[in-house]
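# Survey of secondary and tertiary structure
Chain residues, written in single-letter form:
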Amino acid sequence: MTGRTGIEDRLEKAARNLLLHCGGFSPGSEILILHEDPALGWYDEALTKTVARQAERLGLQPKCVMVGAPSEPLDPVTAELSERYGNVIYFARIGDQDRFAEVQPGKTKIMCYLRNAEMLASDFATVDHGAMQSLKRAVDQVLLNARRIEITCPLGSRIEGAPADVTPGESAEVSIRRFPLGVPQPLDARGFGGRVALARYLTPTGSKAYEPAFLKLETPVFAQIEAGRIVSFSGDAAAVDPVQRHYDHVSGLFAIDPAAVHSWHAGIHPGCSYGWAAEENPDRWSNTVFNNPRVLHFHTCGAYAPGEICWMLLDPSVHVDGTALWEQGRLRPERFAQTQASLDEWPVLQRLIDNPSMRIGV
């Protein structure tokens, strides 16, 4: 009789973390698992099977249904199931499209950013969801109570400003649960101005599907923003012109404001590791690694959350009233009383902070 392996223990721990700690499901709960066709290259089949199998062991009643890409409408049967089930887990990009929709009472919907079983067995998924909730709340408190925030990056970004006068959860907060939980509440960009270095790729935010899904930047382009609006793009003309055309194209598709910079936030989950090269699929890369503290991203093109075009800043520093909460891509929660309290409450967070994943595909 063979014993359990370490990987099996971690897969079980992560699945329980998703189903019990994040979902709050109890024995007898019916759960619809919408999983994207593995042929599309975003989610593998082993991930879905592992979670469904663990759900059954916990006395839950999972129903797995395969769906297509976000650009494809749900077939009538799947659409009806989505409405009928109170509990839905998305291993599919369609879950991200309505993440800012109004909360539906009595429904628990979870959007998963794990792409395969390897990620399920990693620190990204096994660190207790309650610990990440605690850290998120603490980071929210630090940022929302700041008098002045300065963002810089190695390529020359420098943005300064102050958050709007809101309370946690009041502005641009998602209505769907995220698993793993890897970002704080977005901060309204209307209080910020400065220069942002755009590099590598402009990517979708996951809100709407469009083609081409990304724009590769051969050289950095600088965006000047004031009060949450793009004033100009500058840099080599051969790089600036495609950026402007991309904004014209995407804004024209959806009749939205191309100059709007809606909000920004940086990753808080050091366990987020990405095992592919970004260039293999820049859209998948962007919509996964945003959870890692090495990445800060802006939501742009559209005066609503989350807009349609994403700016990805790598290895940012974010100074809050003069003290760095992110420092060259490393999260520094020990420097603020609120976040230190979270570390004290959840010792697993300190281990995570001390051993961050640096693998983000670039």
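Refer to the structure printed above.
An account of the accompanying structure is given in this report. No experiment lies behind these values; they were computed from the predicted model shown. Along each chain, the written sequence defines residue order, and numbers are assigned to residues from 1. Totals for whole chains, interfaces and linings use all residues, but because this is a predicted model, local features are given only for residues with pLDDT of at least 70 and pairs of side-chain atoms are given and counted only at 80 or more. Neither water nor hydrogens contribute to the side-chain values; these are computed over all heavy atoms in the structure.

Residue burial is assigned from relative accessible area. The probe radius is 1.4 Å, only protein chains are included, and a residue is buried under 20% of its type maximum, exposed over 50%, and partly exposed in between. The numbering of helices and of strands both runs from the N terminus, where a helix is a DSSP run of H or I of at least 4 residues and a strand a run of E of at least 2. The buried fraction of helix α9 (residues 282–289) is high, at eight of eight residues. Listed in full, the buried residues belonging to α9 are P282, D283, R284, W285, S286, N287, T288 and V289. In this description, contact between two residues means that some pair of their heavy atoms is separated by no more than 4.5 Å. Considering only its buried residues, α9 is in contact with α4 (94–97), α5 (117–120), β9 (192–204), β13 (295–300) and β14 (309–314).

Glancing now at the nonpolar core. In this text, buried Ala, Val, Leu, Ile, Met, Phe, Trp, Tyr and Cys residues form a nonpolar core when linked through side-chain atoms within 4.5 Å. Core analysis: the biggest nonpolar cluster contains 56 residues, and F233, F298 and W311 have the highest contact counts within it. Membership of the second largest hydrophobic core comes to 44 residues, among which are W42, V51, A52 and I110.

You can see S157 is positioned in the loop between β5 (149–152) and β6 (158–161). As used in this structure description, the phrase polar contact means that two N or O atoms lie within 3.5 Å; if the pair is within protein, one of them must be able to donate a hydrogen and the other to accept it, and residues adjacent in sequence are counted only when both atoms belong to side chains. A distance of 2.8 Å separates a polar atom in the side chain of S157 from the backbone nitrogen of A197. Beyond its immediate chain neighbours, meaning those up to four positions away, S157 contacts I151, T152, R195, V196, A197 and L313.

This part takes up the packing of aromatic side chains. Think of it this way: a Phe, Tyr or Trp ring, Trp meaning its six-membered ring, pairs with another when their centres are within 6.5 Å, and the plane angle makes it stacked under 30 degrees, edge-to-face over 60, tilted otherwise. On inspection of all chains with the given rule, the structure shows 10 aromatic pairs. On the numbers, 5.6 Å between centres and 90° between planes, the contact of F192 with W264 is edge-to-face. Of the two residues, F192 sits in strand β9 while W264 sits in strand β12 (residues 261–266), which places them 72 residues apart along the sequence. With respect to burial, F192 and W264 carry one shared label: buried. By the ring-pair criterion, three or more aromatic residues cluster together here, those being F192, W264, F298 and W311. Just above the ring of F222 sits the side chain of R195; from NZ or CZ to the centre is 3.9 Å. Any Lys NZ or Arg CZ that is within 6 Å of a ring centre and within 35 degrees of that ring's normal is treated as a charge sitting over the ring. A cation sits over an aromatic face here: R284 above W276, 4.3 Å from the ring centre.

Attention now moves to the sheet that holds strand β1 (residues 30–36). Here the rule is simple: two strands pair whenever DSSP picks up at least two bridges between them. Pairing in this open sheet of five strands is parallel, and the strands run β2-β1-β3-β4-β7 from one edge to the other. The two strands at the open ends of the sheet, each matched to only one other strand, are β2 (61–67) and β7 (177–179). With strand direction ignored, the average angle separating the axes of adjacent strands in the sheet is 20°. Sheet analysis places β1 next to strand β3 (residues 87–91), joined by four bridges and oriented parallel. Interaxial angle, 0 to 180 degrees, is taken between N-to-C directions of lines fitted to C-alpha atoms, where a helix line uses only the stretch in contact.

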